[in-house]
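Coordinate inspection notes
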Amino acid sequence: MSDSGASSVFEGPNSHIGRSLSRASARRTVAGRGRYTDDITLPRTVHAAFVRSPYAHARILKIDTADAEAMPGVVLVMTGAELAERSTGPWIGTLSCFEGMKSAPQYAMAVDRACWQGEPVVMVVAERRALAEDACEQIVIDWEVISPTAEAETALDAGTPVLHPDLGDNLAFTKTIDRGTVDDAFASADIVLEESFSFGRHTAVSLEPRALLADYDPGTERLTIHTSNQVPHMIQAVFARTLGVPEHNVRVIAPDVGGSFGLKIHTFGDEVAATAASIELGRPVKFIADRLESFVSDIHAREHQISARIAVSKAGDIQALEIDDLAGVGAYSAYPRTSVFEANQVLNITAGPYKFENYRAKTTVVYLNKVPTSQYRSVGHPIGISVGEHMVDRAAETLGMDPVEFRRRNVMPDDAYPGVAPSGVPVNDLSHEACLEKLIGLMDYEGLLREQAALRKQGVYRGIGIAGFIKGTAPGPQGYYGSGGAPIASQDACTVKLEPSGGVICTVGVTDQGQGVDTVMGQIAATALGIPLDQIRVIEGDTDAVPYGGGTYASRATAIGGEAVYQASCDLRREILTMAGILLQSDAETLDIVGGNVVTAGSGEIRVPLSEIGRIGHFQLGELPNDYQPTLSATRRFRLTELPYIFTNGIHGAYVEVDTDTGFLRLLKHWVVEDCGRLINPNLADEQVRGGCVQGLGGALYEHCLYDENAQLLNGSMADYLTPMAAEMPDIEVAHVETPTSESELGAKGAGESGTGAAPGVVMCAVNNALRPFGAAVTAQPMTPEVVLRTLGKI
Amino acid sequence: MKAAKFDYTKTNDVAEALSVLTAEDGDSKVLAGSQSLGPMMNLRLARPDRLIDIRALDALKAVTQAPDHLFVGALVTHAAIEDGILPDVTRGMIQHVAAGIAYRAVRNRGTIGGSLVHADPAGDWPAALRALGAQIVIDGPAGTREAAIDTFQLGAFTVALEEDEIVRGVRVPALSGSARWGYHKICRKPGEFAESIGAYVCDPESGIARLVLAATEDAPLQLDTAAAAIAQNDGAKFDLDAARMALTETGETFDPFKLRMHAVALHRAVAQAYGA
Ligand SMILES: Cc1cc2nc3c(=O)[nH]c(=O)nc-3n(C[C@H](O)[C@H](O)[C@H](O)COP(=O)(O)OP(=O)(O)OC[C@H]3O[C@@H](n4cnc5c(N)ncnc54)[C@H](O)[C@@H]3O)c2cc1C
């Protein structure tokens, strides 16, 4: 391998790139050998439970903890005010990159006022969780109820209670993107179409809830936090700063993580409180969120209302698009990533696949007395994609044009890059045309049209949907968390080390939550180094063991972390060859590593195994010249430089049936063509896409945090909150177009979220395609039977 | 959430189970499959002082066939019925119903007796057995008594069962060769609470025709007039409008969405019975 021949490495004899290996952890976790946070038991562990506010908005007049303190097994009762004394101060969930954004100071537990139903108020720590809950029941709080703000539409009206009077009003953030000459375009357009949309708030519902085991050792003054998390270094920074422990004395370990989906990249007050209790008690404290408290304390997402209008020419060209978004976030902006990213992404990506220049997008983000919202898988994309694709379909329909034909005409051509999306975000290396054509073939579009027509005659209403997208993945430092002031790394790093045995330890800052990140990192290292995969051990999720990194979110692990692994592995390989050259008295350029052996390049003749390099390099250094000191390790970092994101693209197809008597939807089939650049592990990429789709379909059909006018959550349990499961999901066929990103040598882009982003939109398009004979269109998600029947005018 | 503290007793003797039930100190509850009581306790909505595990009571596991009925012990699971282990006296109806309850994991543990006593308005057995006209067999301190299912369920989550009684089983009437049935459940996902359940049974030989609606806010509703008319017309005129009319005639009020769900469930249950 030489530096110039990167692509040949990926196809060479050592390549594990493009191989569908199964996840390293699959067998273990299926066999029940997973080791999640709750599986870790430390001596003297005690358990935290929380009294949470039953009201959406209420002043705390008095808290009586005496009876609780006397309950069996109770070791600590701590109120929000007491916790505040033990912390360095409140958080403020703003980022300087969001100009004009404001948020109120937030404490880990409510101090004198609770601002959402579910906000933690008092913590009880006891020998067992059940005992802690018994004691929670004995805590008496005198509340003075304040009227809550429950609805985004009226949040800014005069007379609506202001959540945080110091902020002046309930406005969190507003932003407008205005490109081209939107007003002129609408004024002179052939056709203008308008629509309004609403998207229901939902939440992540990870199979493993949030979980934390904090272990403060007063002897060493070190704090170890085991936690189900995606971002160990961020947790290290935030918890250290909040609790006044030096950052280098805090170790964060993320063991197996049972789903996270962006939920586990935020700061949660109950977790900070449990950690404070460990410091206070000098013993381990465990907090495992149960399902009920998860519903009222995990971040929520996606509560948006949007009005949109599109201008198209008679010939079928998009001339302008305008959207006006209203987002209802929670009582505080989430710390440290904020609650406005979602709205910002809606503005960035709506109608992203299309080539038109007149685009105006405005968002208004308001505070409500509800659970704080923040980043959840495919942040903002389900909303923007649903809106953009619906408007495109309406335009096509109005023109009497086939939706596929309309898209063919309007997508950015595959040779148009680098370019910008309508919002102005830079895009590069995209493949809308190739993906569209591949999808049409994959789904047998013509065949579906014929079947649809035939069935319609029998009173069966089936719909075909198509939805293209752009997806922001692998963010760089530009205008993002780190530059906005948050302690979050936008680079990621890898250290690879050759061990005496010839095995390789590969430590990475990105983390695995079951996607197979460790497998993929191993494949990259094995390929670059030229060694068998089973000679590599990938270590992630431990701040004491891995180089500083951002963790896994925003589809960044492979695109950012993977490139760091690739670069570090190439460095280590060079060093091994240099050392081998000295030992063999050969020119390093004539050597290669294949199958774990140093070989003669070209002929493949084995010269020396890596175990010999390892042995000499660690134990027999006398065999090397005095002036040569190999480190047999390499550390590299990678970040984007110019681009804010590596945008990816793809397209979904859906086939659905609508029962027009009941409003029930049946998902018959789903297709995805995805371009995530170089495919490291096609099977794992497919699984990410499929899992992502299911999550998106949940939001499209089922998931909805229903609040009443007092901002009380009405369906916060698994009995009432519906999540998608295998039985009601369609087959999802996945195919790929591979356009490597020019940002890295590896060429990989993010793949983890795009399924979630486009699935709701494509199903909405398909449902509306089915409903076309009725002249009706659904524009509210989730598309419940009630919503469909109302749209049909049947109820 | 963890369940509040409780004591636990297991017995293989009906008399002993009954005596524990009547114990003076605190309230006791019978535990069968735990698929309803377990979640309620873990939500601390139910907080019995004592659980009496009846899963070892062999008398409650019996399945016996008589000429005119099948006795199904209270502890027989949904899964056992789904798997067709029992003799089929309902022309496949109870097997069909069992297969549509929740997921297999729930069916493996949940029992027919537990379902009847739990009396969820959206429960499948209360609806299906009502349409079949089953009899409930009940053990108490004074011996064994029988109750018609029509009078057993008093409302949502309430049944005519004394605190010191347990359900031994249920007698399911045998349908004749010319009987018809239909069972239509509308729920958004398997294992979710039903939006509506329509159940229809008609046996010309015994002259029985029953139309039952469940998943209201109350006990299942029996629409006898409609059932008689349907049987008369062999289901012919019972379209969606007729179903809606029948619902209106019950005097109950439903919101427009529920009304539609119920009308569709009844209509489709009847259509199924007549092979439409
Ligand atoms: C996820 C999920 C989905 C479900 N979906 C459905 C569904 O689609 N349709 C449906 O019908 N049901 C559904 N159920 C409920 C399920 O059918 C239960 O099994 C049933 O309601 C109760 O039966 P059990 O044996 O589990 O009773 P338990 O939970 O053990 O007991 C329930 C109640 O009955 C009492 N009890 C039990 N047995 C007796 C007895 N022999 N004598 C006197 N009292 C007794 C108990 O004291 C308790 O009050 C679902 C349950 C779950 C967890």
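Residues numbered from 1 in each chain as written. Chains lettered and ligands numbered in written order. Predicted model: local features only at pLDDT ≥ 70, side-chain atom pairs only at ≥ 80, totals over all residues. Heavy atoms only, no water.

1. Looking at the overall build of chain B
The condition is simple: Only runs of H or I of at least four residues qualify as helices and only runs of E of at least two qualify as strands under DSSP, and these elements are numbered from the N terminus. Between the two quantities, the radius of gyration covers C-alpha atoms and the globule rule is 2.2 Å times the number of residues to the power 0.38. Throughout, exposure labels follow a simple rule: accessible area from a 1.4 Å probe, protein chains only, divided by the maximum for the residue type, with under 20% read as buried, over 50% as exposed, and the rest as partly exposed.
A tally of regular secondary structure across chain B gives eleven helices and 14 strands. Taken against the 2.2 N^0.38 rule, which gives 19 Å for 276 residues, the C-alpha radius of gyration of chain B at 19 Å falls within 12% of a compact globule. Along the three orthogonal principal directions, the C-alpha set of chain B runs to about 55 × 45 × 30 Å. Taking all 276 residues of chain B together, the buried fraction comes to 52%.

2. Some remarks on the confidence of the model for chain B
Defined as follows: For every residue, the pLDDT score states the predictor's confidence, bounded by 0 at the bottom and 100 at the top.
Residues of chain B with pLDDT of at least 70 account for 100%, and the chain-wide mean is 96. The complex prediction reports pTM at 0.97, with the ipTM value standing at 0.96.

3. Let's talk about the interface of chain B and chain A
Using the following cut-off: In this description, contact between two residues means that some pair of their heavy atoms is separated by no more than 4.5 Å. A quick way to say it: buried area is the sum, across both parts, of accessible area lost when two parts are put together, with a 1.4 Å probe. We count a salt bridge whenever a side-chain nitrogen from Lys or Arg sits within 4 Å of a carboxyl oxygen from Asp or Glu. Within 3.5 Å is the distance limit for a polar contact, defined as a pair of N or O atoms, with the added protein rule that one can donate a hydrogen and the other accept it, and that residues adjacent in sequence qualify only through two side-chain atoms. Ten residue types, Ala, Val, Leu, Ile, Met, Phe, Trp, Tyr, Cys and Pro, are classed as nonpolar, four, Asp, Glu, Lys and Arg, as charged, and the remainder, Gly among them, as polar.
Chain B puts 21 residues into the contact, and the matching count from chain A is 28 residues. Summing both sides of the interface, chain B and chain A together bury roughly 2,100 Å²; the carbon and sulfur share of this comes to 60%. Across the chain B-chain A interface, the total number found is seven salt bridges. One salt bridge in this structure joins Glu 133 of chain A and Arg 44 of chain B, with 3.7 Å as the shortest N-O distance. Where chain B packs against chain A, one counts eleven residue pairs in polar contact (both at pLDDT 80 or more). Here the residues of the side of chain B that touches chain A sort into twelve nonpolar, no polar and nine charged.

4. Observations concerning helix 13 (residues 432-443) of chain A
Residues and elements named next belong to chain A. Going by this rule: The length a helix should cover is 1.5 Å for every residue beyond the first. This arc describes the spread of directions from the helix axis toward the C-beta atoms.
Taking 1.5 Å of rise per residue, the twelve residues of helix 13 would be expected to cover 16 Å, and the 16 Å separating its terminal C-alpha atoms lies within 8% of that figure. Along helix 13, the residues classified as buried are His 432, Cys 435, Leu 436, Leu 439, Ile 440 and Met 443. Across the axial projection of helix 13, the buried residues extend over an arc of 135°, all falling on one side. Summarising the contacts, the buried residues of helix 13 are in contact with helix 12 (403-410), helix 14 (445-457), strand 20 (461-473), strand 28 (646-659) and strand 29 (664-675). Just beyond helix 13, the residue with positive phi is Asp 444, at close to 50°.

5. Re the site of the ligand
Residue and element names in this part refer to chain B. Convention followed: When at least one non-hydrogen atom of a residue lies within 4 Å of a molecule or strand, that residue is treated as near it. The protein chains shown are the only cover counted for residues, whose accessible areas, like all others here, come from Shrake-Rupley with a 1.4 Å probe. Domain limits in this description derive from either an automatic procedure or a database domain assignment.
Of all residues adjacent to the ligand, which total 30 residues, the nearest are Val 30, Gln 35, Leu 37, Thr 111 and Asp 124. A distance of 3.2 Å separates an oxygen atom of the ligand from a polar atom in the side chain of Lys 29. At 2.7 Å, a backbone N or O of Gln 35 approaches an oxygen atom of the ligand. Contact with the protein chains hides 87% of the accessible area of the ligand, taken as 960 Å² for the molecule alone. The set of elements that each furnish at least two residues to the shell around the ligand consists of strand 2 (28-31), helix 6 (112-118) and strand 10 (166-173). A breakdown of the residues in the shell around the ligand according to their chemical character gives 15 nonpolar, twelve polar and three charged. Counting residues domain by domain, the shell around the ligand receives three or more from each of domain 1 (7-53) and domain 2 (60-173).

6. A word on the sheet that holds strand 5 (residues 69-73) of chain B
Residues and elements named next belong to chain B. The criterion, for reference: Being paired, for any two strands, means DSSP has found at least two bridges between them. Axis lines are fitted through C-alpha atoms, for helices just across the contact stretch, and the angle between N-to-C directions can take any value from 0 to 180 degrees.
Read from one edge to the other, the open sheet built from five strands follows the order 4-5-10-6-7, with strand pairing classed as antiparallel. This sheet does not close on itself; its edge strands, each paired only once, are strand 4 (63-65) and strand 7 (143-148). Averaged over neighbouring strand pairs, the angle between their axes works out to 20° when direction is ignored. Judged from the three bridges that link them, strand 4 and strand 5 form a sheet pairing that is antiparallel.

7. Quick word on the state of the cysteines
Residues and elements named next belong to chain A. For clarity, the cut-off: The criterion for a disulfide is a pair of cysteine sulfur atoms lying within 2.5 Å.
In total, this model carries zero disulfides over all chains according to the counting rule given. Left without a disulfide partner, Cys 494 is nearest to the cysteine sulfur of Cys 506, which lies 3.8 Å away. For Cys 494, a relative accessible area of 0% corresponds to the buried category. Free of any disulfide, Cys 693 has its nearest neighbouring cysteine sulfur in Cys 676, separated by 13 Å. For Cys 693, a relative accessible area of 0% translates into the label buried.

8. What about the environment of Lys 175 of chain A?
All names here are of chain A. Positionally, Lys 175 belongs in strand 7 (residues 171-179). Looking at Lys 175, the relative accessible area reads 27%, which means it is partly exposed. Between the alpha carbons of Lys 175 and Met 729 there is a distance of 37 Å; along the sequence they are 554 residues apart. In contact with Lys 175, other than residues within four places in its own chain, are Asn 344, Leu 347, Ala 361, Lys 362 and Thr 363.

9. A word on the packing of aromatic side chains
Aromatic ring pairs are described here by two measures, namely the spacing of the ring centres and the angle between the planes. To keep it simple, the criterion reads: Only centres within 6.5 Å qualify two rings of Phe, Tyr or Trp (six-membered ring in Trp) as a pair; their planes then separate them into stacked at under 30 degrees, edge-to-face at over 60, and tilted for everything else. A ring has a charge above it when a Lys NZ or an Arg CZ is no more than 6 Å from the ring centre and no more than 35 degrees off the ring normal.
For the structure on display, the rule yields 15 aromatic pairs over all chains. Between Tyr 200 of chain B and Tyr 274 of chain B, the aromatic rings sit 5.9 Å apart at their centres with planes inclined by 40°, giving tilted as the arrangement. Placement of the pair is Tyr 200 of chain B in strand 12 (residues 196-203) and Tyr 274 of chain B in the segment after helix 11 (256-273), with a sequence separation of 74 residues. When sorted by exposure, Tyr 200 of chain B lands in the same class as Tyr 274 of chain B, which is buried. By the ring-pair criterion, three or more aromatic residues cluster together here, those being Phe 98, Phe 173, Phe 341, Tyr 481 and Tyr 553 of chain A. If you follow Arg 210 of chain A out to its NZ or CZ, it ends over the ring of Phe 268 of chain A, 4.1 Å from the centre. Here the guanidinium or amino end of Lys 189 of chain B rests over the ring plane of Tyr 702 of chain A, the centre of that ring lying 5.8 Å away.

10. Observations regarding the sheet that holds strand 20 of chain A
Residues and elements named next belong to chain A. One open sheet holds the four strands; their spatial order is 20-28-29-30, and the pairing between them is mixed. Looking at strand neighbours, the two that pair on one side only are strand 20 and strand 30 (731-736), the edges of this open sheet. Taking the axes of each pair of neighbouring strands and ignoring which way they run, one obtains an average angle of 20° across the sheet. Of the pairings in the sheet, the one linking strand 28 to strand 29 comprises eleven bridges and is antiparallel in character. Directly across from Ile 651, in strand 29, lies its bridge partner Val 673.

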